Amino acid sequence: MEIEKKAPPPLLMSQREGRLVRLMGMAGEGLLFLVASLSVFAVLFIFYFIVRDALPFIKGDYIGEFFSNSKWYPTHEPPVFGALSILYGSLIVTIGSCVVAIPLGVCSAVALSDIIPFSWRQGIKPIIELLASIPSVAYGFFALVVFAPVMQSHGGTLLVVGFLIIGAPVLGIASLLVGDMLSDRFGDSNSGISWALIPGAASLAILVLVSWYLGGIQIISGTNALNVSVILGIMALPTIVSVSEDALQAVGPELRMGSYGLGATRAETLVLTVLPAASSGIMAAVILGIMRALGETMVVWMASGNAAIIPDPFYDFLSPVRTMTATIAGEMGETARGTQHYSVLFMCAFCLLIFCFICNLISEQVMKRNRMKLRGEI
Amino acid sequence: MRNKIMSVVAAAAVAVSGMFFSGAANADEKIVIEGSSTVGPIAKQFAEFFMDKNKGVNITVNESGSGNGAKALISGKCDIATMSRFMKEKEFKAAAGSGKMPVAHAVAMDGIAVVVNPANPVGKLTLEQIHDIYAGKVNNWKQVGGVDMPIVIISRDTSSGTYETFETKVMHKDPIASGVETVGSNGQMRARVQSTKNAIGYVGLGFVDKSVKAVLVNNIPATKSSVASGVYPIARPLFMFTDGYPKPGSTVFRFITMYLSKDGEAIIERIGFVPLTAYKK
């Protein structure tokens, strides 16, 4: 009997098989490329649809009024679409949240990366990042139901406490730095502490005077720009802390060791070496935080008071304001498609989009610079 | 062979589709309700009661504002639009344009109570005074007989039916002052007035409770009887709109006429609105 021999598998693929494999490979790559470009398409589509719906307004009669008038009566007859107060509302709330979030955020990041023990950091950082996972409606509810009434009943005290939390460390560090500069210029290096006494006393006087002034203020309405600024600042904290802490970590031990080796103290190392080296990363963190505050809707809709006015005087944080996001959220429900009111809301969205786009570009550039700097390319 | 397979497939297809269609006939009947957050509670309570009595009927109620209710009815996304105002001319035109015939069913009356903080000594205001406060002409409580403190004026978002009724009944199309604060719901309004000593706001009568004080308007208290009898000046009917009049006896018909039944009246009264049938009493 003859045993049937199996032919050994050919080492080379047949032409047909080869083509199949190539085709499969191309299909796989194509599919992955498609998936990856999905979000790019999403962004392009968002741009397209927002511009398309904003276009009737841009071409319409009200576009001049949009940027020059501060009266917002979109449903009145005849309508008035002055968005100046709304643009200003977004601006003042964003600035306010920066004032709250940047000093606190950067200080926390420095503390996390360079000051507190590593084991504590492992516990604290996740808790700070947890702030980011709280839904914004919960923040809004807190701002409306808890924070606003407290502001009304204990406004002065609250302002003083808030001012001291942010003002005291900033002024303290500033007076130390000024004292250092003064001793460099006028005295011998040993009397740095005594030179710091002069700006220190000045800062103390400022703290006391401002606190005394703030303590006398009565807040009439708790839903105002300040309320929203504080809450948005807290919401932006996790982003700022997390990204700046990463930037500070990325500076690496070499620079720190070098600085210590030159005889610098820990504070000098931090302020003069680590912070400047991480500055662009911190910048990027701040910009990301700003974008978070600028785009937030629910909190401002619930707690900003939504009055379409430019506060008088313009820096009055205790006045209610209305932001672009809240306007869109609050008014989109009722507007009929195709009306000027409908398009003007898209115009607001377009302004927001442009602003966020610019912020994003800047932060992208800054991050890129930072990476190059750390690699020693510039 | 091939023919056999084909016939088996065809038979299976017929069987499956038969099951599907018969299933559809027995399946839950669905009513989708969309619209006002003021009428929403009525629709929700009605739906709960109705589904309890009629097994196999599935009613979903969404509260997204009167305007969205109208939009949904026009685009055929809902069977009943709940609205705290009448349909606008624009909406009727849009409806006619897409082949819909909105029919209004007034299901209850709603009074809008002007509310202040319970600690505020002011207990009554005229319609004129309320108008002047919201127009920004009066900005201190002492101008309307209260103590010397600035008035925190709170209004509703322009997309709410409550705002529209307030605007037409009180403001007579005069613009509301631009410094007025805006909140997004009756509940938020109540929370703001409750927690702010010098605030004034307005909510549906159903949302007035111990935490806020409803003032007399033109010396008339905001009560069920004053609203139902039409004496109270800031009152309005609440509507449910259907596409055409529902076929008598149909599920939608039975649902939409519930407000005439004893149970329907009790539900409306329990939520704080006034049954239309109450004017007889």
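So, a few notes on the structure that sits alongside this text.

Cut-offs applied
- Residues numbered from 1 in each chain as written.
- Chains lettered and ligands numbered in written order.
- Predicted model: local features only at pLDDT ≥ 70, side-chain atom pairs only at ≥ 80, totals over all residues.
- Heavy atoms only, no water.
- Core = buried A, V, L, I, M, F, W, Y, C linked by side-chain atoms within 4.5 Å.
- Buried < 20%, exposed > 50% of the residue type's maximum accessible area, 1.4 Å probe, protein only.
- Helix = DSSP H or I, 4+ residues; strand = E, 2+ residues; numbered from the N terminus.
- Contact = heavy atoms within 4.5 Å.
- Phe/Tyr/Trp six-rings, centres within 6.5 Å; stacked < 30°, edge-to-face > 60°.
- Salt bridge = Lys/Arg side-chain N within 4 Å of Asp/Glu carboxyl O.
- Pairing = 2+ DSSP bridges.

## Quick look at the nonpolar core
Inference 1: In terms of nonpolar packing, the biggest core is built from 46 residues, with L125, I130, I133, Y134, W141, I200 and I234 of chain B touching the most fellow members.
Inference 2: With six residues, strand β4 (residues 102-116) of chain B is the single largest residue contributor to this core.
Inference 3: Apart from residues no more than four positions distant in its own chain, L125 of chain B is found in contact with I130, I133, V144, I200, V215, L216, V217 and N218 of chain B.
Inference 4: Residues W72, I86, M324 and F350 of chain A belong to the second largest nonpolar core, which totals 26 residues.

## A closer look at the packing of aromatic side chains
Residue and element names in this part refer to chain A.
Inference 1: One pass over the structure, following the stated rule, counts 21 aromatic pairs over all chains.
Inference 2: For the pair F57 and F66, a centre-to-centre distance of 5.4 Å together with 70° between the ring planes defines the contact as edge-to-face.
Inference 3: With a centroid separation of 5.8 Å and 90° between ring planes, the pair formed by F57 and F81 is classed as edge-to-face. Pair noted here: F57 is in helix α1 (residues 15-59) and F81 is in strand β2 (residues 80-81), with a separation of 24 residues, a long-range link.
Inference 4: F81 gets classed as buried once you look at its relative accessible area, which sits at 1%.
Inference 5: Three or more aromatic residues link up through ring pairs in this structure, and these residues are F57, Y62, F66, F67, W72 and F81.

## Notes on the pattern of salt bridges
Oppositely charged side chains can form a pair if their charged atoms are brought close together.
Inference 1: A complete count under the given rule lists 17 salt bridges over all chains for this structure.
Inference 2: In this structure, E245 of chain A engages R121 of chain A in a salt bridge whose closest nitrogen and oxygen atoms are separated by 2.6 Å. Taken together, the residues E245 of chain A in helix α8 (residues 225-250) and R121 of chain A in helix α4 (residues 118-130) connect sequence positions 124 residues apart.
Inference 3: Exposure remark for E245 of chain A: the relative accessible area of 0% places this residue in the buried category.
Inference 4: Residue class for R121 of chain A comes out buried when judged on its relative accessible area of 13%.
Inference 5: Measuring nitrogen to oxygen at the nearest pair gives 3.0 Å for the salt bridge that ties R85 of chain B to E91 of chain B.
Inference 6: The exposure class assigned to R85 of chain B is buried, which follows from its relative accessible area of 6%.
Inference 7: What you see here is one network of salt bridges that share partners, running through R121, K125, E129, E245 and D246 of chain A.

## Side note on the pairing of strand β11 (residues 235-243) of chain B
All names here are of chain B.
Inference 1: Of all nine residues in β11, seven are buried, a share of seventy percent or more.
Inference 2: In this sheet, β11 lies alongside strand β3 (residues 80-83) in antiparallel orientation, the contact comprising four bridges. By the bridge assignment for β11, M83 is matched with F239.
Inference 3: With nine bridges joining them, β4 and β11 adopt antiparallel strand pairing. Among the inter-strand pairings, P102 is bridged to a residue of β11, identified as D243.

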